[in-house]
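Observations on the model geometry
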Amino acid sequence: MASRLRAVSLAIAAFLWAAPSYPACQFNSAGDISNPNDPSCRDVQLRYTRSDDSGNNIALGYDVPFPVESLTGVDGFRSYQSLFEQHQSLDAESSLVSSEIVGQTISGRDIWAYRVGDPDDDQPDGSPEGVALVNGTIHAREWQSPEVVTELFEQLTETATDGGFGQYLSDNLDVVIVPVLNVDGFLQTQRYPDRMTADEQQPRDGRMRRKNVRHPTTGTAIDEDIDQTEDNFFGVDLNRNNPDGFGQNGSSSSNPISLVYRAGAPQSEPEIQALLVAAELAPATRLRMYSDVHSFSQIFFTPLTGDAVRDRITRDLVTRMRRVSGGKYRYGPDSSSGIGLTSDYFARSLRIPSWTLETEPLRGGIDYGGTDHGHSGFVLPASEVARMRDEVAAMLLAGLYAQADKPRLIAIRVRDAATEEVRFEAEWQGTGSGRSLKVIANQALVPGGRYRLWLGFNKPMRWRDSRGEIANYPGQSVPAFAAIRLQFPALPVEHDVTISGDADAWRAQPGEDGFFRYRDDALITEFTVPASLPAEGPIAGVFSISARDMTDYGLDADPSSEVDWQGGRWTGYENTVGANSETGGTDCNFVAFVAADPGATPPAGDETCRIAASPPPVPPPPPGDPGTGGGGGGAIFWMLPPMILIALCRLRRKWRR
Amino acid sequence: MQDAASSPPVGGDTIKGGSGPYHKSVIGDLMRRPSCFLTIIAAVCCLCATTALADLPLTTSADPVPAGIMEVSYQRLSGKTTRLASDRDAGGLARHLAKLKSERGLTTREKEKLLHETVRAASALDPVPDLRREVEDMTAYRSQTQALWNEHGHTERRIAYDIAAAARHALRVWNEDDARRYAKAALDRYNTDLIERYLVAAETDRRGIETAFREATPGQLAFHGQELEDGLHAGKSVGALAAIAARKTGDVRLMHVVLAESSTQVALESLSTIDAISWPGAATALFMTAARRPEIASAALLGLGRLAVSDMDARDILLDNLGGPNGASAAAALGRLNDDRVIAQLKDVLFLETDETRVRHALLALRLSGSSSAKAILADFANQPTTSPDLASEVPPWLRD
């Protein structure tokens, strides 16, 4: 794999090396320009136009977007100044935002990070909050990135007091946002929004600057004048300047004029150092998600570290996020040892779900009816920007929701439907390892009685659409109602009661039997204890509750231990049989009882669901130590396709019969 | 880069790390074969071949033509394209394009590169019928040459020269120019049905008509002014034409209607053309019209800020907007001024007013101005006993350098 990657190098460079010679830039087998000092290469001035393909013009087939002065999002790309003012205004207008200057660029410009979420570091029940870090604009020409990250920032801030989804995120997760990391480079691209130099196949500087502005000899900033071409190829690719995989696997270069020049040492660049400072705002030990937003090619480049559990959790999370866009975004796992990306660092050094998210387009301007010319994918048509921004922000919000915490039941209440009298009530109290189940009321449910069940969860469990109707979060498919049964372990299974309901069960209003903390974090429904139930004496009735949250994660079946992200995996997120899990299970903690005598006392003993009482499945083998496994794995890889095909052949025979 | 002349890539089998297409193409083919044994053997070979393909030297070509000869042919033919284009010889370029299609002395890669650059060159010429026909034929061309695209360690193959896309672009350019010529003639004749034709025209044709409007005289455009204004009031999508007409004729009333009634995109673009010189005595009112539309209010207030450098009324309007729904944009506009008199007015808002949102916007304006006097006011404000504890705690971090 590594040798292949070394062989292909960046973009189309190898093709150009082999292509017939013609004036302008020449490329070596590594994809680097081999005649950088040749005026016929470096002095070539290129210009994007809508339809003029003559001379050194490059027709995109749509209007060339220029930066727009507007704090609020428009169908187009905002100027850096406008974006910065918008970030500052979100900070100034909201007490839920704080800002920090986390470093300075090569040119001495401030790099800002914003921390969004309530000021404390705890969730409402006292458990420590997790943190997500979202980085933008590490590559200067990728204008989609600051728009997406700013949209996320705006939505988090604007919904922080909405009483539902937004407020849940604000209360339960800190989100650290770095909207523009490569400020110098981004400003250079906006200074020349339709101009660049060198070669259409590898345009450089101006609108197509990718790197920061480091001069490799002086260490200071190169000039900002695109017409002074001596230094137009210089700069460090900040997304190759990180320690994990630094200089490895053939995807970076030691050549200062290369597009993927990594510099002499990892984390040498002030912008990367600023990102590390931003990660510490949280602090970094609390991080549980990192997203680096780029463009283009519609894919989550996802480092796989060899830690099977972390990798699986990351893949599952990305899968859920990709669903938000209807699968338009692809999954791009990378099993190599890394190439020095920021996402490599966060995946490997901090062992958190981490990816490089390349926004649209998939191929380039051609996806919007434009041409295929000159890296048009970096120049999204203005008319597509607002839609793109919303789509990607929705994906990121799904990821934040999933990583903030896992769903769990907090409280239960059963009332007599006729008298409103509380017959059974219990809730989890305390925090962390001190959390315990407190039964507040426990009176007999009577055969033939009609009851109202209220359940309170720790997070909003359902999404509401723009009309206020319960709906799936975009792209997700979660049943409208939870799977609930009242089980009687002492009786044959046919006596169990299935408790049903519909989308209207979710509570949108506060108050008695309303929502618990957030809109749609509680449900209410009614059920009847069968009159035929053979329960002369008291018998235990266990509520078996299986509910999925908006992103289809199951309940933490044992809330006595708090869920947290530690060492590359969830801890305290138990499945039905009490084992640590990645997707949760069924809650069987609430045990009421049924008796013909309403005044009966509860039966003795610890009952639980039937499923929880069954023998636990054989646990999967423990994950290998990250980076040390893999020996012999290749054999399985090579065996798999023939095995699959044998199976297919057998199937085919069966079909023929 | 892989020249695919001898073995055209099949769907997704060139995508590493992808999903659907690979399985569809490869597995689908295998299931149609007669023997399972052969199927398995073929599959294993196919898997090996896929891997081997990636390890092939990237310059591999199936064409048996010596490299030196290929290069000479390419350079000769490419030079001819350049020459014909610079001579604006559309007929010659059509013949050249037709010959290129059947040229045998080139690799597929060279041929497709030549076709691509020739079609691109054609778009700049007047399309004689032969050239249009040749280019129309190219819209169905399926490019085979692929480029390896490696980003963030993930390698994919992509079409290197999308000749069909270039051909479609050339046709769009020509169609747009046809529409421009038609519209120019209609403007010259003061035709009354031009606007109606615009409303039902395809996007490309509309572009051409807009270009004709940009090239028209103010007198020609004034002829259509009332019709455009009525159209906007009636909800017709004539905003782009109305904006051009308003700008070129200096029709203030029409520009107000453009800003109030046209699409967001047209209104936003129009804002960038408003300044005190182009719209003497009317610019402030125009920005205020735009500021009433929430989707462009921020851009309008920042535009007003440009006037406020010398226009005291504009400053007052911005100050009045503090505390309102667009207060942050007004604050940004005031902050950009970095003017001592404005800073003094903002100080008054801080120390004399009680509306917290208004105070927050004044703080934002001072923060964004970044001047030493603004920072001194912020520090003073944070230390006042009358300042709310929330605000007092929020200000100091802003003062750090």
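Residues numbered from 1 in each chain as written. Chains lettered and ligands numbered in written order. Predicted model: local features only at pLDDT ≥ 70, side-chain atom pairs only at ≥ 80, totals over all residues. Heavy atoms only, no water.

1. Examining the overall build of chain B
Broken down by element type, chain B carries 22 helices and 2 strands. Burial status across chain B gives 51% buried among its 401 residues. Within chain B, contacts between residues separated by at least 24 positions form 64% of all contacts whose residues are at least 6 apart in sequence. About 17,900 Å² of surface is accessible on chain B, with carbon and sulfur atoms providing 54% of the total. (Helix = DSSP H or I, 4+ residues; strand = E, 2+ residues; numbered from the N terminus. Buried < 20%, exposed > 50% of the residue type's maximum accessible area, 1.4 Å probe, protein only. Contact = heavy atoms within 4.5 Å. Areas by Shrake-Rupley, 256 points an atom, 1.4 Å probe, with all protein chains shown as cover.)

2. Some thoughts on the overall build of chain A
Along chain A, the regular secondary structure elements total 13 helices and 25 strands. Scored against the burial criterion, the 657 residues of chain A give a buried share of 60%. For chain A, the exposed area adds up to about 22,600 Å²; of that, 52% sits on carbon and sulfur atoms.

3. Some remarks on the state of the cysteines
Residue and element names in this part refer to chain A. Tallying each qualifying case throughout the model produces 2 disulfides over all chains. Cys-25 shares a disulfide with Cys-41; S-S distance 1.9 Å. Linking Cys-25 and Cys-41, the disulfide has an S-S dihedral of approximately 90 degrees and is accordingly described as right-handed. Highlighted residues: Cys-25 in the loop between α2 (13-18) and α3 (39-42) and Cys-41 in helix α3, separated in sequence by 16 residues. The same class applies to Cys-25 as to Cys-41, namely buried. A disulfide bridge connects Cys-588 with Cys-609, and the sulfur atoms are separated by 1.8 Å. Disulfide Cys-588-Cys-609: the torsion about the S-S bond is -115 degrees, which places it as left-handed. On the criterion of sequence distance, the pair formed by Cys-588 in strand β25 (residues 587-594) and Cys-609 in the loop between β25 and α12 (610-613) is long-range, its members being 21 residues apart. The exposure classification of Cys-588 matches that of Cys-609, with both residues buried. For chain A, the disulfide bridges join cysteines in the arrangement 1-2, 3-4, where the cysteines are counted in sequence order. (Disulfide = S-S within 2.5 Å.)

4. Here we look at the packing of aromatic side chains
For the structure shown, the criterion picks out 26 aromatic pairs over all chains. Between Phe-527 of chain A and Phe-543 of chain A, the ring centres sit 6.1 Å apart and the planes meet at 80 degrees, which makes this aromatic pair edge-to-face. In this pair, Phe-527 of chain A is assigned in strand β21 (residues 522-528) and Phe-543 of chain A in strand β22 (residues 539-546), connecting sequence segments 16 residues apart. Accessibility assignment for this pair places Phe-527 of chain A and Phe-543 of chain A in one class, buried. Linked through ring pairs, Phe-77, Tyr-80, Phe-84, Trp-112, Tyr-114, Trp-143, Phe-153 and Phe-186 of chain A together constitute an aromatic cluster. We note Lys-347 of chain B situated over the ring of Phe-351 of chain B; from NZ or CZ to the ring centre the distance is 6.0 Å. (Phe/Tyr/Trp six-rings, centres within 6.5 Å; stacked < 30°, edge-to-face > 60°. Lys NZ or Arg CZ within 6 Å of the ring centre and 35° of its normal.)

5. Comments concerning the sheet that holds strand β9 (residues 287-295) of chain A
Residues and elements named next belong to chain A. Strand order in this open sheet of 8 strands is β3-β4-β6-β5-β9-β12-β10-β11, and the pairing throughout is mixed. The sheet is open, and its two edges are formed by β3 (97-104) and β11 (330-334), each paired on a single side. Across the sheet, the mean angle from the axis of one strand to that of its neighbour is 20 degrees, orientation sign disregarded. For strand β10 (residues 299-303) and β11, the ladder comprises 5 bridges, and the chain directions are parallel. Along β11, the bridge assignment pairs Thr-302 with Pro-333. Here helix α8 (residues 270-280) sits on the sheet in contact with β3, β4 (110-116), β5 (130-136), β6 (173-178) and β9, set at roughly 150 degrees to β3. (Pairing = 2+ DSSP bridges. Axes fitted to C-alpha atoms, helices over the stretch in contact; angles between N-to-C directions.)

6. Side note on the packing of helix α19 (residues 340-352) of chain B against helix α20 (residues 356-369) of chain B
In a pair of packed helices, the angle between the axes and the distance between the axes together describe the arrangement. Residue and element names in this part refer to chain B. In the contact formed by α19 and α20, the axes pass within 9 Å of each other and the chain directions differ by 145 degrees. Between α19 and α20 lies a crossing of left-handed hand. On α20, the residues that touch Ile-343, Leu-346, Val-349 and Leu-350 of α19 are Arg-358, Val-359, Ala-362, Leu-363, Ala-365, Leu-366 and Ser-369. Here the contact of α19 with α20 is composed, by residue class, of 9 nonpolar, 1 polar and 1 charged. (Left-handed = near helix turned anticlockwise from the far one by under 90°. Nonpolar A, V, L, I, M, F, W, Y, C, P; charged D, E, K, R; others polar.)

7. Comments concerning helix α21 (residues 372-383) of chain B
Residues and elements named next belong to chain B. With 12 residues, α21 ought to run about 16 Å at 1.5 Å a step, and its terminal C-alpha atoms sit 17 Å apart, in line with that. Inspection of α21 places Ala-374, Ile-377, Leu-378, Phe-381 and Ala-382 among the buried residues, and these make up the whole buried set. End-on view of α21: buried residues confined to an arc of 135 degrees, all on one side of the axis. Facing away from the buried side of α21 by more than 90 degrees, the exposed set consists of Ser-372 and Asn-383. On the buried face of α21, the contacting elements are α19, α20 and α22 (389-399). (Expected span 1.5 Å × (residues − 1). Arc of directions from axis to C-beta.)

8. Overview of the environment of Gly-599 of chain A
All names here are of chain A. With respect to the helices and strands, the residue Gly-599 is situated in the loop between β25 and α12. A relative accessible area of 57% places Gly-599 in the exposed class. Distance in space between the C-alpha atoms of Gly-599 and Ala-444 is 6.7 Å, their sequence separation being 155 residues.

9. Details of the pattern of salt bridges
A complete count under the given rule lists 76 salt bridges over all chains for this structure. A salt bridge links Arg-348 of chain A to Asp-344 of chain A, with the nearest nitrogen and oxygen atoms 2.7 Å apart. Taken together, the positions of Arg-348 of chain A and Asp-344 of chain A, both in helix α10 (residues 342-348) and 4 residues apart, correspond to about one turn of that helix. Owing to a relative accessible area of 18%, Arg-348 of chain A belongs among the buried residues under this scheme. Between Arg-253 of chain B and Glu-229 of chain B there is a salt bridge; the shortest N-O distance is 3.2 Å. (Salt bridge = Lys/Arg side-chain N within 4 Å of Asp/Glu carboxyl O.)

10. A closer look at the environment of Asp-162 of chain B
Of note, Asp-162 of chain B is situated in the loop between β2 (154-159) and α7 (163-188). We classify Asp-162 of chain B as buried; its relative accessible area is 11%. The spacing of Asp-162 of chain B and Glu-112 of chain B is 50 residues in sequence and 8.5 Å in space, taken between C-alpha atoms. Not counting residues up to four positions away in its chain, the partners in contact with Asp-162 of chain B are Ile-366 and Asp-372 of chain A together with His-116 and Ser-143 of chain B.

11. Let's talk about the confidence of the model for chain A
Taken residue by residue, chain A gives an average pLDDT of 90. The fraction at 70 or more is 89%. For the stretch residues 1-22 of chain A, pLDDT sits under 50, and the model shows 62 contacts to residues farther than four places along the chain or on other chains. (pLDDT = per-residue confidence, 0-100.)

12. Some words on the sheet that holds strand β1 (residues 45-49) of chain A
Residue and element names in this part refer to chain A. Here 4 strands make up an open sheet; going across it, the order is β2-β1-β7-β8 and the pairing mixed. The sheet terminates laterally at β2 (57-59) and β8 (202-204), the two strands that pair on one side only. On average, each strand axis in the sheet is tilted by 45 degrees relative to the strand beside it, whichever way the strands run. Of the strand pairs in this sheet, β1 and β2 are connected by 3 bridges, and their pairing is parallel. Bridge pairing in β2 links Tyr-48 to Ile-58.

13. Points about the confidence of the model for chain B
For chain B, the average pLDDT comes to 83, and 82% of its residues sit at 70 or higher. Below a pLDDT of 50 lies the segment residues 1-69 of chain B, which in the model reaches 98 contacts outside its immediate sequence neighbourhood of four places, other chains included.

14. A closer look at helix α5 (residues 144-158) of chain A
End to end, α5 of chain A covers 21 Å across 15 residues, agreeing with the expected 21 Å (1.5 Å per residue, within 8%). Within α5 of chain A, 13 of the 15 residues are buried, leaving the element largely enclosed by the surrounding structure.

15. Structural notes on unusual backbone geometry
Glycine aside, residues mostly have negative phi, and peptide bonds are mostly found in the trans state. All names here are of chain A. The omega angle of the peptide bond from Ser-295 to Phe-296 is 5 degrees, so this bond is cis rather than trans. Cis peptide bonds are those with omega within 30 degrees of zero, and the linkage from Glu-360 to Pro-361 qualifies with 10 degrees. With respect to the helices and strands, Pro-361 occurs in the loop between β12 (354-359) and α11 (385-404). The backbone of Gln-298 sits at a positive phi, close to 55 degrees, despite the residue not being glycine. Structurally, the position occupied by Gln-298 is in the loop between β9 and β10. Of note, the phi angle at Asp-513 is positive, near 60 degrees, even though the residue is not glycine. Structurally, Asp-513 is set in the loop between β20 (497-499) and β21.

16. Remarks on the side chain of Asp-311 of chain A
Residues and elements named next belong to chain A. Tracing the backbone through its elements, the reader meets Asp-311 in helix α9 (residues 308-324). Within the local environment of Asp-311, its side chain forms a polar contact with the backbone nitrogen of Thr-305, the two atoms lying 2.9 Å apart. Each residue touching Asp-311, except ones within four places of it in the same chain, is listed here: Pro-303, Leu-304, Thr-305 and Gly-306. (Polar contact = N/O pair within 3.5 Å; in protein donor to acceptor, adjacent residues only side chain to side chain.)

17. A few points about the packing of α19 of chain B against α21 of chain B
All names here are of chain B. The N-to-C vectors of α19 and α21 enclose an angle of 10 degrees; their axes lie 10 Å apart at closest approach. Taken together, the axes of α19 and α21 lie roughly parallel to each other. Contacts from Asp-340, Ile-343, Lys-347, Leu-350 and Phe-351 in α19 reach Ser-373, Ala-374, Ile-377, Asp-380 and Phe-381 in α21. A class-by-class count of the residues in the contact of α19 with α21 yields 6 nonpolar, 1 polar and 3 charged. (Parallel < 35°, antiparallel > 145°, perpendicular 65-115°, else oblique.)

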